[in-house]
Amino acid sequence: MRVFVAGATGVIGRPLVRDLIAAGHQVAGMTRSPAKAGQVAAAGAEPVVCDALDAVAVERVIGAWHPDVVVHQLTALPQQYNPRRLRQLYRATDRLHAEGTDHLIAAARSAGANRFVVQSIAFAYERAGGMVKSEEDALDARPPKALADATAALVHLEHAAAQSQGAGLDTVVLRYGFFYGPGTWYAPDGHFAKEIRRRRYPIVGRGDGVFSFVHVEDAAMATRLVIEQPVTGVFNVVDDEPARLRDWVPVFAAAMNAPKPMRVPPWAARLVAGRSAVEQLMTIRGADNTKAKTMLGWQLRHASWRDGFSSQLDPTTDGSR
């Protein structure tokens, strides 16, 4: 197949392009940075330099390539996570989730593509009811204040994909868990690894919030399977073990050769991180991967963060295969 990957140099785009090339697909990789075009070419794909917020340019480059499948993996997250500036931290990505999605869908239709696959997240579910959510559950209608814009952009993205289903274009939304692996905030050289070594990633309150993780290589594999199979709809792309904050943080600390994490009361955490970030930590819901494993035949290399975190320190599992 001819696959056009927007966001080909991101943390999921890089392993996805490698997997697609290895599987025999023809791949074009879009990046907005001319300096990163060489990374795309080195992976065996055709580099395309384009700003996803330029609707005319997006339609031109996708139309010229005539893809069978368009994949939206666009984000613009900084290397540093600032919990007190969440609205600003996600602002550029919000535009890519809203405007960028509209541009890519329009271009995919115009170019005659038959599939559109888009990145969403599995940690924006409604923070009520069960602690582990399926694809049938709703996204959060009342997110923490600083995350309201980000959640609204996700709702727009998923609605746009759903509305575009049919008339020759099949659409798939992939709700990914928290990424770990090369280039992520949870990599050994990533922001949260540095913070936990400084004992600045504590367990807040009882640590009840539930997180779902996924290694970027497993996420790339699931994405390739969706591209290759005649499925539509929404899929949670997460590992087998949703985990409470109090359970995974000590394991992450040990894997990063960090001291034992502190426990702090919510009021103290709010003084440092702000109300929205702490509210999210304490009430976040995890996600169930049964649908993706059953329908796609997805077999994870890292079924749990328990061994996945430590595997990042093993040079044979760094994603460079």
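Residues numbered from 1 in each chain as written. Predicted model: local features only at pLDDT ≥ 70, side-chain atom pairs only at ≥ 80, totals over all residues. Heavy atoms only, no water.

**Q** So what's going on with the overall build of the chain? Which residues, and what values?
**A** When helices and strands are tallied, the chain shows 12 helices and 15 strands. Rg of the C-alpha trace for the chain: 19 Å, near the compact-globule value of 20 Å for 321 residues, within the 12% margin. Reported as C-alpha extents along the three principal axes, the dimensions of the chain are approximately 55 × 40 × 40 Å. The burial tally for the chain puts 55% of its 321 residues in the buried class. Partitioning the intrachain contacts of the chain with sequence separation of at least 6 by distance along the chain shows that 79% fall at a separation of at least 24. In the form shown here, the chain has an accessible surface area of approximately 13600 Å², with 52% of it arising from carbon and sulfur atoms. Between the mean site of the 37 positive side-chain charges and the mean site of the 32 negative ones, the chain shows a separation of 8 Å. (Helix = DSSP H or I, 4+ residues; strand = E, 2+ residues; numbered from the N terminus. Rg over C-alpha atoms; globule rule 2.2 N^0.38 Å. Buried < 20%, exposed > 50% of the residue type's maximum accessible area, 1.4 Å probe, protein only. Contact = heavy atoms within 4.5 Å. Areas by Shrake-Rupley, 256 points an atom, 1.4 Å probe, with all protein chains shown as cover. Lys, Arg positive; Asp, Glu negative; His and termini not counted. Charge placed at Lys NZ, Arg CZ, Asp CG, Glu CD.)

**Q** Break down helix H3 (residues 55-65) for me, citing the residues and quoting the values.
**A** Among the residues making up H3, those that are buried are Ala 57, Val 58, Val 61, Ile 62 and Trp 65. With its buried residues spanning 120 degrees around the axis, H3 presents them on a single face. Seen from the open side of H3, the exposed residues pointing more than 90 degrees away from its buried face are Val 56, Arg 60 and Ala 64. Close packing links the buried residues of H3 with strand E1 (2-6), strand E2 (26-31), strand E3 (46-49), strand E4 (69-72) and helix H4 (86-111). Of the residues one or two after H3, His 66 is the one with positive phi, at around 50 degrees. (Arc of directions from axis to C-beta.)

**Q** Could you give me a rundown of the nonpolar core, with the residues and numbers involved?
**A** Membership of the largest hydrophobic core comes to 46 residues, with the highest contact counts inside it found for Tyr 186, Tyr 201, Phe 211, Phe 213, Trp 248 and Phe 252. At six residues, the largest contribution of residues to this core is made by helix H8 (residues 245-255). In contact with Tyr 201, not counting residues within four places along its chain, are Tyr 186, Phe 192, Glu 195, Ile 196, Phe 211, Leu 245, Trp 248, Val 249, Pro 261 and Leu 281. (Core = buried A, V, L, I, M, F, W, Y, C linked by side-chain atoms within 4.5 Å.)

**Q** Hey, could you go over the sheet that holds strand E12 (residues 233-237) for me, with residue numbers and the actual values?
**A** In spatial order, the strands read E3-E2-E1-E4-E5-E7-E12; together these seven strands make up an open sheet with parallel pairing. The open sheet has two free edges, formed respectively by E3 and E12, since each of these has just one partner strand. When strand polarity is set aside, the average angle formed by the axes of neighbouring strands in this sheet is 20 degrees. Relative to E3, E2 runs parallel, the two sharing four bridges. Across the sheet, residue Thr 31 finds its bridge partner in E3, namely Val 49. The strands that H4 touches are E1, E4 and strand E5 (115-121); relative to E4, the one it contacts most, it runs at about 175 degrees. Along the sheet, helix H5 (residues 148-164) makes contact with E4, E5 and strand E7 (170-176), crossing E5 at roughly 155 degrees. (Pairing = 2+ DSSP bridges. Axes fitted to C-alpha atoms, helices over the stretch in contact; angles between N-to-C directions.)

**Q** Now, about the environment of Val 251: what can you tell me, with residues and values included?
**A** Within the secondary structure, Val 251 is located in helix H8. Separated by 194 residues in sequence, Val 251 and Ala 57 place their C-alpha atoms 46 Å apart. Residues in contact with Val 251, not counting those within four places in the same chain, are Trp 305, Arg 306 and Phe 309.

**Q** Quick rundown of the confidence of the model for the chain? Include the residues and the values.
**A** With 98% of its residues at a pLDDT of 70 or more, the chain has an overall mean of 95. This model gives residues 316-321 a pLDDT under 50, and the stretch forms 13 contacts once residues within four places in sequence are excluded. (pLDDT = per-residue confidence, 0-100.)

**Q** Would you mind going over the packing of aromatic side chains in detail, with residue names and values included?
**A** Inspection of every chain in the model, using the stated rule, returns 24 aromatic pairs. Between Phe 213 and Phe 309, the aromatic rings sit 5.2 Å apart at their centres with planes inclined by 85 degrees, giving edge-to-face as the arrangement. Linking Phe 213 in strand E11 (residues 213-215) with Phe 309 in helix H12 (residues 305-311), this pair joins segments that are 96 residues apart in sequence. A single burial state applies to Phe 213 and to Phe 309, both of which are buried. The interplanar angle of 65 degrees and the centroid separation of 5.0 Å between the aromatic rings of Phe 252 and Phe 309 together place this pair among those described as edge-to-face. Taken together, the residues Phe 252 in helix H8 and Phe 309 in helix H12 connect sequence positions 57 residues apart. Both residues of the pair, Phe 252 and Phe 309, count as buried. (Phe/Tyr/Trp six-rings, centres within 6.5 Å; stacked < 30°, edge-to-face > 60°.)

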